[in-house]
Amino acid sequence: MVKTWFMKHVFLFVLLIISLDAFTQGTTSVRGNVVDKETRVPLIGAVVELYNDSNKADGGVTDMDGNFRFTNVAPGRFSVRVKYTGYLPLTVPNVIVNTGKETILNLELESSTVDVGEVVIKATGKDGTVNEMGAGSGRMFSVEETNRYSGSRGDPARMASNFAGVQGANDSRNDIVVRGNSPAGVLWRFEGIDIPNPNHFAIEGTTGGPVSMLNNKVLANSDFYTGAFSAEYGNSIAAAFDLKMRNGNNEKFEFNGQFGFLGTELTGEGPINKDKGSSFLVNYRYSTLKMFEALNIPIGTGAVPNYMDGAFKFNFPLRHGGNLSWFGVAGNSKIDIVVSQYTDPQDELYGVDNRDQYFRSGMGFTGLVYAKPLSERTYFRMVVAGSHRYSAANHDLVWRDTTFAVDSITAKMGYRNTETKYSANFYFLHRINKNQTIKAGMMNDLYMNVLTDSIHSEVTYQFYNRQDYSGSAVSLQPYVQVKLRPNDDVTVNLGLHGHYFTLNGSKSIEPRASLRFNTTSRSSVQLAAGMHSQMLPAYVYYTHLPSSAQPFTLHNKNVDFIRSIHTVAGYDVMVTENLRIKVETYYQYLYNVPVEKRSSSFSVLNQGSGFSRFFPDTLVNEGTGRNYGAELTIEKFFSKKYFVLFTASVFDAKYKGSDGVLRNTDFNTRYAVNLLGAREFELGPKQSLQVGTKLTMAGKRWYTPIDTAASRMENDEVLVDSLRNTLQFSSPYFRMDLKVVWKLNAKKVTHEIGLDIVNLTGQKNILGLTYSPDSRNPDKYPVAEQYQLGFLPLFYYQIDF
């Protein structure tokens, strides 16, 4: 635990800073622009109105560039309403205004298909997606949501685990299971390019990790899709994040500093050239736990996570509505779990007790974006980018005698994998008329991989090579989609996505379709269907069967894509202006799933959710799977100082391996329920206190018994293959989180202190079984239950100025 004297001095320092501003309060500005959602053309003369809880606070119209501005706005929560001839009215609720920063809104209006006098449908900022042609099971989420939900820790993935049909796979990681699918099926897209796993301590073949590199302070409103997504999203069978990066303030310099358990960081933004409207945004974060170690402050583990990350964006408006921006995100991480240094048994937080582990990982990407309205009806966007990722590890077995003394240390495993990717993506969007819009584009990726890996067998006492590869391949993904709106009540999206992979000639053509019909001004029905496919993790293609001598043969190089068919039906109703109910049902059929050629229970549908890789025997595309379920969302949006979110899903997820047996997937917990809420209390004109909580329940996890005899021979975990996922743990999952945030809006500074308590009740939720022999007692049963995170308080102090 952190020493009391240190926490006391930090607390006193924060109080000293706050006391300097506690008796003053200021105002700030709310400004932004209004554009056409499809073509991004500025809308001149749009009426923009600012409302607080009681009445209209201010109003005005946009200028020749579509910009608007409200000055001398007191801190609080507001709604913004926008009206413009020939467009659907827009209401954006819950706009948070703080004195430490200007509030900048980029508002997009959807054109109407009917005459001006007939427009009665009202869009809200809670509807739809940021993507102008988003379809299927998708929703927009805001940066405020990533902060608001208890236990989300400012992480988009952990925030998404609160949505219906989505659940976490492991409390210590942010992997998400979407409608019974493996987390490996999640696509991460950032500013229009598909990016590598954006998490610290990332393992090959996974999409999650313990700590996200994506800092929510640099994100704009973004989209999350849980199935049957539109044609521009490919190489994913489960879900897709489409993240946007915001621009820095182009008129004044602003800064944010934060000190907390998960990192110490600084964000800066401001104008590069005020007259031309160019701006910069930069952010850097470093591991607070590593700082504690440097100060000789014990934190409860000898293995201290060391990580850092940063992000930047430089934005340059050009003539005639064009825009050029340069963005980037990068981070690296390392941890050394050296159990051989212990003289007594310890409950190590991160590792297992019989091996030393040295792990390194890193990821970075950068890109240039050029965007321009070519006419009032046509828009073009192109991004050229590059990314690089790596992961490396060495494991040494620690052999001890019956007194727990180290007898010897022997090498067990080592690997290093790197991937460099160059991307060039573009699209054209053209509004044919008020009823029809077409969007066509292409995503082009060049992959260059270098992999080495070897492992030692405790049976033959030899090292075997599993990877020794260097090469490249190209992925091509063209797409086209059409949006048809015969009237304002009906929207039809039709699309086609193609995918070709040069490594082995895998290819697919995937039709997509969706329908949204507004049954009333407050309710709608949605239908969506589509075919989807996904490549395997790169290292699987480039792995060969364990061998102690060359030549090495890539036995899985020619494995085809995983393929699936999604169907979704939903009903959405706004009961009141701030109360929404949504019901969705879905069915997903997975086929062409890689399974082992020899008879076994193995399927890639069970992989990609933890800290380990998988090395299967020869794979063939003969497996299947199916997921179906129903979801309910009841959401009372933030109004009258509180919000409530209830989500529930019941589902079934099963698969068949090459042995032909229908089994539960690793993720088939059958149900998941979330209940979240928060209440904001005003402590005067300058201060507020927000108290929120979250309850999560999920079904019992399935597990496979461990073959103890085989595990003793290999000194590693070996499962009973024929009994895969035939047993369940005795208890379902339950967790309660609590978040308390105090905020002070001073004259030009906003202070915020927060405490986010994960697993408030200290519930012992079972994660799985682990092979963990006791050297002091060799006859002891070597299998133990592994638990999820216990009670974990996460604090932070934040200042905006």
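See the structure shown above.
Residues numbered from 1 in each chain as written. Predicted model: local features only at pLDDT ≥ 70, side-chain atom pairs only at ≥ 80, totals over all residues. Heavy atoms only, no water.

Describing the environment of Leu 397
- Looking at the element boundaries, Leu 397 is found in strand S24 (residues 378-400).
- Excluding its chain neighbours within four sequence positions, the residues that come into contact with Leu 397 are Asn 354, Arg 355, Ser 408, Ile 409, Thr 410, Lys 412, Glu 458 and Asn 715. (Helix = DSSP H or I, 4+ residues; strand = E, 2+ residues; numbered from the N terminus. Contact = heavy atoms within 4.5 Å.)

Let's talk about empty space enclosed by the protein
- Evaluated as defined, the whole model comprises eleven cavities of 30 Å³ or more.
- By volume, the largest cavity amounts to about 680 Å³.
- If you go around the largest cavity, you meet 37 residues; those closest to its centre are Ile 195, Pro 196, Asn 197, Arg 389 and Glu 419.
- Those elements giving two or more residues to the lining of the largest cavity turn out to be strand S12 (186-190), strand S23 (355-373), S24, strand S25 (406-433), strand S26 (436-456) and helix H5 (538-541).
- A volume near 500 Å³ is recorded for the second largest cavity. (1 Å grid on protein atoms, 1.4 Å probe; cavity = no way out; pocket = protein on both sides within 12 Å on 5 of 7 lines; lining within 4 Å. Points joined across faces, edges and corners; volume = space filled by probe spheres on them.)

Observations concerning the sheet that holds strand S1 (residues 28-36)
- On the basis of which strands lie adjacent, the open sheet formed by three strands has the order S4-S1-S7 and mixed pairing. Bordering the open sheet on either side are strand S4 (67-73) and strand S7 (103-109), each of which pairs with just one other strand. In this sheet, adjacent strand axes meet at a mean angle of 20° when their direction is disregarded.
- Inspection of the sheet shows S1 paired to S4 by five bridges, in the antiparallel sense. Bridge pairing in S4 links Val 30 to Phe 70. (Pairing = 2+ DSSP bridges. Axes fitted to C-alpha atoms, helices over the stretch in contact; angles between N-to-C directions.)

Brief notes about the pairing of strand S30 (residues 523-534)
- By the bridge criterion, seven bridges tie strand S29 (residues 506-518) to S30 in an arrangement that is antiparallel. Paired with Arg 516 across the two strands is Gln 526, which belongs to S30.
- In this structure, the hairpin formed by S29 and S30 is closed by a connection of four residues.
- Where S30 and strand S31 (residues 562-576) come together, twelve bridges link them in antiparallel fashion. Paired with Ala 529 across the bridge in S31 is Thr 567.

Quick word on the pattern of salt bridges
- One pass over the full model with this rule turns up 50 salt bridges.
- The salt bridge partner of Glu 269 is Arg 246, with a shortest N-O separation of 2.7 Å. Here Glu 269, found in strand S19 (residues 263-273), pairs with Arg 246, found in the loop between strand S17 (239-243) and strand S18 (254-260); they are 23 residues apart in sequence, far enough to count as distant.
- A salt bridge links Asp 652 to Arg 670; the nearest nitrogen and oxygen atoms lie 3.3 Å apart. With a gap of 18 residues between them, Asp 652 in strand S34 (residues 642-656) and Arg 670 in the loop between strand S35 (662-664) and strand S36 (671-682) connect regions that are remote in the sequence.
- The exposure class of Asp 652 is buried, given its relative accessible area of 9%.
- Arg 670 gets classed as partly exposed once you look at its relative accessible area, which sits at 35%.
- Via salt bridges that share partners, Asp 36, Glu 38, Glu 110, Arg 431, Lys 483, Arg 485 and Asp 488 belong to a single interconnected network. (Salt bridge = Lys/Arg side-chain N within 4 Å of Asp/Glu carboxyl O. Buried < 20%, exposed > 50% of the residue type's maximum accessible area, 1.4 Å probe, protein only.)

A closer look at the pairing of strand S44 (residues 792-800)
- When you tally the buried positions in S44, you get seven out of nine residues, the bulk of the element.
- Both S18 and S44 contribute to a ladder of five bridges, which runs antiparallel. Paired with Gly 260 across the bridge in S44 is Tyr 796.
- Summarising the sheet, strand S41 (residues 750-758) and S44 pair through nine bridges and their orientation is antiparallel.

Looking at the sheet that holds strand S13 (residues 193-194)
- Read from one edge to the other, the open sheet built from five strands follows the order S9-S16-S17-S12-S13, with strand pairing classed as mixed. Among the strands making up the open sheet, the edge pair consists of strand S9 (138-141) and S13.
- Here three bridges tie strand S16 (residues 222-225) to S17, and the two strands are oriented antiparallel to one another. Considered in S17, the bridge of Asp 223 is made with Asp 242.

Let's talk about the nonpolar core
- Counting residues in each nonpolar core, the largest one holds 37 residues, and the members touching the most others are Phe 190, Phe 224 and Phe 241.
- Excluding its chain neighbours within four sequence positions, the residues that come into contact with Phe 224 are Ser 137, Gly 138, Arg 139, Phe 141, Ala 160, Phe 163, Val 166, Ile 176, Val 178, Ala 239, Ala 240 and Phe 241.
- Formed by 25 residues, the second largest nonpolar core is a distinct cluster that contains Met 535, Phe 561, Phe 614 and Leu 619. (Core = buried A, V, L, I, M, F, W, Y, C linked by side-chain atoms within 4.5 Å.)

Points about a nonpolar patch on the surface
- Together, Ile 272, Phe 316, Leu 318, Leu 324, Trp 326, Leu 368 and Tyr 370 line one region of the surface with nonpolar side chains, adding up to about 590 Å² of accessible area.
- Residue assignment for the nonpolar patch shows that the elements contributing at least two residues are strand S22 (323-337) and S23.
- By secondary structure assignment, the location of Leu 368 is in strand S23.
- Accessibility expressed as a relative area gives 45% for Leu 368, which makes it partly exposed. (Patch = residues over 30% accessible without salt bridge, like charges linked within 9 Å, V, L, I, M, F, W, Y side chains within 5 Å. Areas by Shrake-Rupley, 256 points an atom, 1.4 Å probe, with all protein chains shown as cover.)

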